[in-house]
Every structure is written in structure tokens, then in C-alpha cells.
Amino acid sequence: MPKETLIRGPVYVLEDNIDTDLLIPACYLNLVPTIPEEYRKLGSYALAGLPETFPKFASNADGTTPYPIVIGGRNFGCGSSREHAPIALGAAGAKAVVAQSYARIFFRNSVATGEVFPLESETRLCGEFKTGDLAEVDIPKNTITRLADGKVFALKPVGAVAPVIAAGGMFAYAREIGMIKR
Amino acid sequence: MTITEKILARESGAKLVSPGDNIWAKCGMLLTHDVCGPGTIGIFHREFGKDAKVFDREKIVILPDHYIYTADEKAHRNVDTLRAFVKEQGLPYFYDPGTASYCGVCHVALPELGHVRPGETIFGTDSHTCTHGALGAFATGIGNTDAGFIMGTGKLLVKVPTTLRFVLDGELPSYLSAKDLILHIIGDIGVDGATYCAMEFTGSAIDALSIEERCTICNMAVEAGAKNGIIAPDQKTFDYVRARTAKPFEPLYSDPDAKVAAEYRYDVSKLEPVVAKPHLPDNKALARDCRGVKIDQVYIGSCTGGKLEDFVMAAKIMKGRKVAVRTLLVPATRQVEQGLADTQIGGQSLRAIFEAAGVEPIAPPSCAACLGGPVDTFGRTHGHEVVVSTTNRNFIGRMGSKDSQVYLASPYTAAASALTGHITDPRDV
Ligand code: SF4
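## Observations regarding the sheet that holds strand S2 (residues 29-32) of chain B
Residue and element names in this part refer to chain B.
And step 1. Across the sheet, which stays open at both edges, the four strands sit in the order S3-S2-S4-S5 with parallel pairing between neighbours. The two strands at the open ends of the sheet, each matched to only one other strand, are strand S3 (60-62) and strand S5 (138-141). Going from strand to strand, the sheet's axes swing by 20° on average, the running direction of each strand aside.
And step 2. Across three bridges, S2 lies against strand S4 (residues 121-124) in parallel orientation. Counted as the bridge partner of Leu30 is Phe123 from S4.

Structure representation (C-alpha cells):
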């Protein structure tokens with residue numbers, strides 16, 4: 001399934017070192033992502049580990065999020081290898097994370113599952129956006145635009161994992177290149 | 001090439017690999033547990049079909065350990081999912097809770113059981129899989145999708161990491177442990193200081209460490225963002241492995257002129273006991289500078305700090321004394337638990353020393369409060385507790401409550417702090 005490459009909507013702004021316990025607290029790891037009902041539940045708990053000073057992320061009545069774009073600082077997704085982390089974001093309806101840098105496993109899991117685009121910004125964007133600001137991410141152009149004033153910020157090119165992202169995940173990619181049977 | 005590059009080259013059938021290359025590496029061992037196993041199995045069946053068979057039954061180890069002693073129904077269902085899969089596939093290496101084969105924390109059990117061998121590739125659905133580099137293997141944590149992929153194909157697309165070399169020389173003072181060394185390193189390079197890199201540990205101080213202590217070092221490589229931690233195997237490694245498995249292995253070593261991205265040098269004889277303050281593992285402070293921090297709880301356990309030697313260190317400090325705060329001990333595995341009874345200091349078993357010191361009843365082996373877990377988890381925080389812990393992460397909410405504060409420390413420092421009720425340098429007790 002080809003992914004949308006233009007993402008528009010309100011952003012949810014975080015900080016540096018957003019760890020996997022913040023993304024999905026361990027008490028919800030009894031949920032199994034391949035069970036559809038539990039996949040949805042994981043979405044409703046996305047970012048439930050944040051301190052109460054943050055607004056609720058999955059705040060829609062149906063347990064999804066009004067924020068398709070998440071903005072972070074350095075080392076986004078550090079900590080555990082729990083794939084529940086990118087899955088929770090994707091299940092909540094987030095489409096892209098835009099961060100200055102990523103922890104390796106979170107980045108890899110985002111690419112492998114195809115749940116969210118892990119995009120890297122050229123500069124720190126935490127101070128450039130407030131939660132709720134409207135933005136547009138254009139993946140082919142490598143940009144994120146602040147819609148209020150049209151200011152454009154550059155994203156880094158996706159690099160070596162671009163074919164996996166374009167294919168929609170690890171399995172789709174492996175089928176494309178003939179590693180596994182269709 | 002470095003040891004990491006050599007293993008990846010051999011296991012991908014290439015003569016030469018360089019950092020940044022994307023290669024298909026063969027999997028020597030796939031490890032999973034109760035939290036990520038069911039999702040991995042779901043992906044395996046979804047992608048390869050209901051009747052699919054795993055790539056090699058001898059190369060999959062399933063060690064449930066996270067949510068074992070809990071009333072949580074889904075946690076039990078998840079272990080049942082593992083049981084059904086093991087039966088369906090005829091997997092020989094499943095360590096079922098509730099049976100005599102149950103072990104406990106996967107990263108302590110895996111080497112104990114002889115499943116870690118020098119020169120192999122080990123992929124695990126757990127970030128602390130990097131522990132096993134301590135025996136000269138390439139070991140790294142992966143997600144369910146990659147693990148499901150391996151189950152079906154036996155291979156994984158891997159980017160060859162660039163290596164950072166840490167040379168640790170000098171004699172380790174009696175009040176320091178491997179945990180202090182790795183907390184120093186993480187504090188110096190930061191929680192993203194080794195992102196995408198291999199951390200290779202070498203030097204006379206590493207040579208002098210036991211296998212368990214080497215595991216403590218490699219275990220926390222992921223806390224600096226590393227893909228893997230690795231230590232060249234030596235006679236100690238071979239003796240340890242040979243005592244546990246007859247399977248063949250071929251060790252590999254870094255070339256003397258192997259290129260690394262950076263080299264860091266430490267004289268361990270000059271280091272002091274440290275803690276990582278809330279809420280990041282790189283938030284380093286000298287234990288003696290934190291004397292003013294009053295604590296509510298001490299936790300000794302996990303894949304980092306729940307091995308037999310960790311309890312020996314704690315017992316040395318606690319022997320003949322009384323704890324001043326709630327002190328929770330969770331041996332990582334059944335073997336460690338047995339060691340508490342069998343190991344003596346001055347004619348007294350570790351267990352007797354701890355009991356006389358007034359610790360809480362010792363819990364059965366599992367991950368327990370290391371990652372919070374279901375509400376009924378042993379040792380989980382529920383309020384504003386300040387905890388000194390021998391575990392590896394002190395993120396907000398990691399041990400349960402978002403309001404609690406976790407200081408990471410060595411077993412010596414944790415035990416010394418338990419005696420005084422505030423953070424204490426082990427030299428002060
Ligand atoms: S003991 Fe803690 S860090 Fe180790 S595997 Fe268990 S939960 Fe993870």
C-alpha cells in the first residue's frame with residue numbers, strides 16, 4: 001500500500017529524549033499489537049507515560065489522536081525495543097514523527113512496521129511549533145511548513161532506508177526485491 | 001576490521017564490510033520473551049502463512065520473564081500463546097514458567113544456558129540483547145517485525161555499525177564495580193553518544209572482569225544508544241561457554257589496526273562510585289555528592305544488577321548490619337536464586353545475610369519492578385518513592401509511578417544506601 005506523502009494537520013510538540021516508557025508505559029505491554037482490538041487499544045494509550053503537564057495525545061472520543069504529526073528533539077524513542085511504541089503512534093492515527101535525531105531501534109521499528117514516517121529535521125523544531133499549530137509535511141520535497149505564516153523548515157533526505165519506507169515496511173520491501181515469496 | 005565488522009562479514013558471506021553497509025546477516029540465535037513473543041508470532045503467521053515453519057528450531061530461544069508473577073489475565077494469555085507456538089513448531093528451547101525449566105530474566109539466563117557463543121549473531125526482541133556481546137558475539141535488540149522476519153527467513157537486513165573503542169586500564173578498587181564503569185562512560189558520552197555505533201570495550205581492566213561483570217557493561221550499551229556492545233572473547237569466555245555447551249563456535253577478534261570512529265581511555269583506579277540521577281541514565285553524579293538525597297526504597301535485581309555477583313557485592317556491604325529502608329531483592333534467574341543459598345561469605349549464606357539485615361522477603365526471579373509492569377508487580381512504585389536501583393533505566397515512570405524518582409547505582413552503592421537511608425558512597429559504611 002503506497003503511503004500518503006503529504007501530511008497536513010495539527011502538530012504535537014515534545015522534547016529531547018522521548019523514551020519508549022513515555023511513548024507506551026510498560027503496564028500496557030500485555031497488549032499484543034497483531035490482535036486488532038489490542039492494536040486499537042495501544043493507540044489510545046500512545047504517549048500515556050507523559051507527565052500530566054502535557055495535553056492528552058489520543059484525545060479523540062474513539063481513542064485516536066487529532067495530531068497526525070509529532071515533533072521531537074534529539075534521541076527520539078530511546079530505550080526499549082518494544083515495537084508497541086511506533087505502533088501506538090500509528091494506531092492512534094499519527095502519520096509522521098519529525099525529530100532532530102532518533103534512537104536506533106525506534107527508527108528501525110518505525111521503518112520496518114511502516115506505522116509512522118520517522119523524519120529528521122535539519123534544525124531543532126521544538127521551539128518553532130506549539131502543540132496544535134497547523135503544519136504540512138511534504139515527504140518528496142523534504143519539508144515541513146508552518147501553515148500560520150508559511151515558514152518552511154528543511155528535513156533531511158531519508159537515505160538508505162528510503163526503499164523500505166517507500167515499499168511500506170520490511171515485508172513489503174523484502175517481497176519487492178524477491179527476498180521472500182509474494 | 002573490528003570484531004563487530006568481522007562477525008557481520010562472515011555471517012553475510014562477504015569478505016569485507018564497512019560501517020554504513022547494509023547487509024543481509026544470518027541469524028545465529030533469535031531470542032524472544034512473553035512481552036514481544038506473541039506479537040512476533042502473530043507477524044510470522046500473518047506474513048508466512050498459518051502452516052509456516054520457523055527457519056531453524058535450534059536457533060530460537062523463548063524465555064518468558066517480564067510478567068510472570070501477576071494476576072493480569074492478558075499476561076497469562078500471552079504465555080499461553082508462547083506455549084501453543086512452541087508445541088506447534090516443536091521448539092526445544094522454551095523455559096516455561098510454572099515448570100522446573102523456568103529460568104527468569106532472559107539476558108541472564110541466555111548465557112547461563114549456553115546459548116551465547118563467541119563469534120555468533122544474536123538477535124533478540126529486547127533492547128538489552130546487547131548484553132551478550134560480553135561473550136564476543138554480535139548481539140542486538142530488534143522489534144517484532146524484524147523478529148517475525150527472522151523466524152521465517154533466518155536473516156535480517158543490518159546496517160554495519162561504526163565502532164567506538166573504550167580502553168579501560170588500571171586496577172579496579174574494591175568499592176567499584178562494572179556498573180560504575182558503564183555509568184561513568186554513559187555519563188561522559190550521553191544517552192545518544194553511541195547511537196548507531198558498536199561500543200567495543202577493551203583494556204586490562206576489562207580483561208580482569210568476570211563474565212558476569214562484562215555482561216553488566218555490555219548490557220547498558222543501549223543506554224548510550226549503541227547497536228551492540230562487545231568484548232573480545234578470552235580464556236575466561238571459553239571456559240564459561242565450554243562449561244555450558246558442547247556446540248562448536250569460531251571466535252573472531254578485531255585486527256590491531258582496525259579503524260574506529262573514536263577511542264576513549266579510562267584509568268579505572270582513579271574513578272569513584274557514581275549514580276545516574278533521575279530521569280536519564282547519563283545524568284551522572286558522584287555518590288558522595290548525593291549524600292543529601294533521602295531514599296524510600298532500594299531495589300536489587302534485573303539483567304543489569306540481579307546476577308549472583310551483584311548479590312555477593314550487596315551482601316559484603318550488608319553483612320552484620322541492618323537496612324534502614326524497604327529493600328527489595330529479585331534474583332534474575334532460578335540459578336541466581338539457588339546461588340543465594342549456596343554462596344557463603346564468612347560461613348553465612350547470602351540469603352541468611354540479607355534476611356538478618358531485614359530485607360523484604362526475597363522475590364522469585366523475573367523482571368519484576370525493573371520496568372514497572374502490571375499494578376500487582378513486586379516492588380513497583382505507586383507514589384513519590386525515591387529509589388536507588390541496580391537496574392538500567394530511570395526514565396519517568398519506568399518503575400511504575402510517574403512521580404517516583406530512580407537513581408541508578410552499583411550493588412555496592414545500593415546496599416550502602418539501604419543501610420543509611422540516603423544515597424551513600426560504599427566507602428562510607
Ligand atoms: S530485567 Fe529489566 S531491562 Fe532486563 S530484560 Fe527485564 S525488564 Fe528489560
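## So, the layout of surface pockets
And step 1. For the second largest pocket, the calculated volume is near 560 Å³.
And step 2. Lining the second largest pocket we find 31 residues, and of these Phe107, Arg108 and Val161 of chain A together with Lys159 and Tyr196 of chain B sit closest to its centre.
And step 3. Where the lining of the second largest pocket is concerned, the elements lending two or more residues are helix H4 (104-113), strand S4 (117-120) and helix H6 (170-176) of chain A together with S5 and strand S6 (155-159) of chain B.
And step 4. Per-element tally for the lining of the second largest pocket: the top contributor is H4 of chain A, with six residues.
And step 5. Here the residues of the lining of the second largest pocket sort into 19 nonpolar, five polar and seven charged.

## Quick word on the packing of aromatic side chains
In this description, an aromatic ring pair is defined by two values, namely the gap between the centres and the angle between the planes.
And step 1. Tallied over the entire structure, the rule returns 20 aromatic pairs over all chains.
And step 2. Pairing Phe166 of chain B with Tyr264 of chain B gives two aromatic rings, centres 4.8 Å apart and planes at 5°, and the pair type is stacked. Here Tyr264 of chain B lies in strand S10 (residues 262-267) and Phe166 of chain B lies in strand S7 (residues 162-169), a separation of 98 residues in the sequence.
And step 3. Three or more aromatic residues link up through ring pairs in this structure, and these residues are Phe171 of chain A together with Trp24, Phe44, Phe48, Phe85 and Phe149 of chain B.
And step 4. Across the ring face of Tyr196 of chain B, the terminal group of Lys159 of chain B is positioned such that the distance to the ring centre comes to 4.8 Å.
And step 5. The lysine or arginine in question, Arg427 of chain B, covers the ring of Tyr175 of chain B, its NZ or CZ lying 4.6 Å from the ring centre.

## Points about the pairing of strand S8 (residues 197-202) of chain B
All names here are of chain B.
And step 1. Most of S8 sits out of view: five of its six residues are buried.
And step 2. In this region the chain leaves S7, passes through helix H6 (residues 178-189) and returns to the parallel neighbour S8; the handedness of that crossover is right-handed.
And step 3. Pairing of S8 with strand S9 (residues 228-230), which is carried by three bridges, proceeds in the parallel orientation. Across the sheet, the residue bridging to Met199 is Gly229, located in S9.

## Notes on the site of the ligand
Residues and elements named next belong to chain B.
And step 1. Taken together, the neighbourhood of the ligand is formed by His66, Val105, His107, Asp126, His128, Ser302, Cys303, Cys367, Cys370, Leu371, Asn392 and Arg398.
And step 2. Judged by its atoms lying within 2 Å of the grid points, the ligand is housed in the largest cavity.
And step 3. Its residues placed into classes, the shell around the ligand shows five nonpolar, five polar and two charged.
And step 4. Residues from two domains meet in the shell around the ligand; each of domain 1 (3-266) and domain 2 (275-428) gives at least three.

## Quick notes on the domain arrangement of chain B
All names here are of chain B.
And step 1. Per the domain assignment, the segments of chain B are domain 1 (3-266) and domain 2 (275-428).
And step 2. On a C-alpha basis, the centroid separation for the pair domain 1 and domain 2 is 24 Å.
And step 3. With 42 residues of domain 1 in contact, the opposing surface of domain 2 contributes 40 residues.
And step 4. For the pair domain 1 and domain 2, the number of links is two salt bridges.
And step 5. Between Arg393 and Glu223 there is a salt bridge; the shortest N-O distance is 2.5 Å.
And step 6. Seen at the junction of domain 1 and domain 2, the total is 25 residue pairs in polar contact (both at pLDDT 80 or more).
And step 7. Going through the elements one at a time, helix H4 (106-112), H6 and helix H8 (211-219) are the ones with two or more residues in the side of domain 1 that touches domain 2.
And step 8. By residue number, the principal contributor to the side of domain 1 that touches domain 2 is H6, which donates seven residues.
And step 9. Its residues assigned to classes, the side of domain 1 that touches domain 2 shows 18 nonpolar, 15 polar and nine charged.

## Examining the sheet that holds strand S7 (residues 151-154) of chain A
Adjacent strands of a sheet pair through backbone hydrogen bonds, lying either parallel or antiparallel.
All names here are of chain A.
And step 1. Read from one edge of the open sheet, seven strands run S4-S3-S2-S1-S5-S6-S7, paired in mixed fashion. Among the strands making up the open sheet, the edge pair consists of S4 and S7. Averaged over all adjacent pairs, the angle separating strand axes in this sheet is 30°, with direction ignored.
And step 2. In the sheet, strand S1 (residues 6-13) pairs with strand S2 (residues 69-71) via three bridges, with the strands oriented parallel.

About the criteria used
Residues numbered from 1 in each chain as written. Chains lettered and ligands numbered in written order. Predicted model: local features only at pLDDT ≥ 70, side-chain atom pairs only at ≥ 80, totals over all residues. Heavy atoms only, no water. Pairing = 2+ DSSP bridges. Helix = DSSP H or I, 4+ residues; strand = E, 2+ residues; numbered from the N terminus. Axes fitted to C-alpha atoms, helices over the stretch in contact; angles between N-to-C directions. 1 Å grid on protein atoms, 1.4 Å probe; cavity = no way out; pocket = protein on both sides within 12 Å on 5 of 7 lines; lining within 4 Å. Points joined across faces, edges and corners; volume = space filled by probe spheres on them. Nonpolar A, V, L, I, M, F, W, Y, C, P; charged D, E, K, R; others polar. Phe/Tyr/Trp six-rings, centres within 6.5 Å; stacked < 30°, edge-to-face > 60°. Lys NZ or Arg CZ within 6 Å of the ring centre and 35° of its normal. Buried < 20%, exposed > 50% of the residue type's maximum accessible area, 1.4 Å probe, protein only. Right-handed = clockwise from strand over helix to strand, strands pointing away. Near = heavy atom within 4 Å. Sits in = over half its atoms within 2 Å of the grid points. Domains from an automatic or database assignment. Contact = heavy atoms within 4.5 Å. Salt bridge = Lys/Arg side-chain N within 4 Å of Asp/Glu carboxyl O. Polar contact = N/O pair within 3.5 Å; in protein donor to acceptor, adjacent residues only side chain to side chain.

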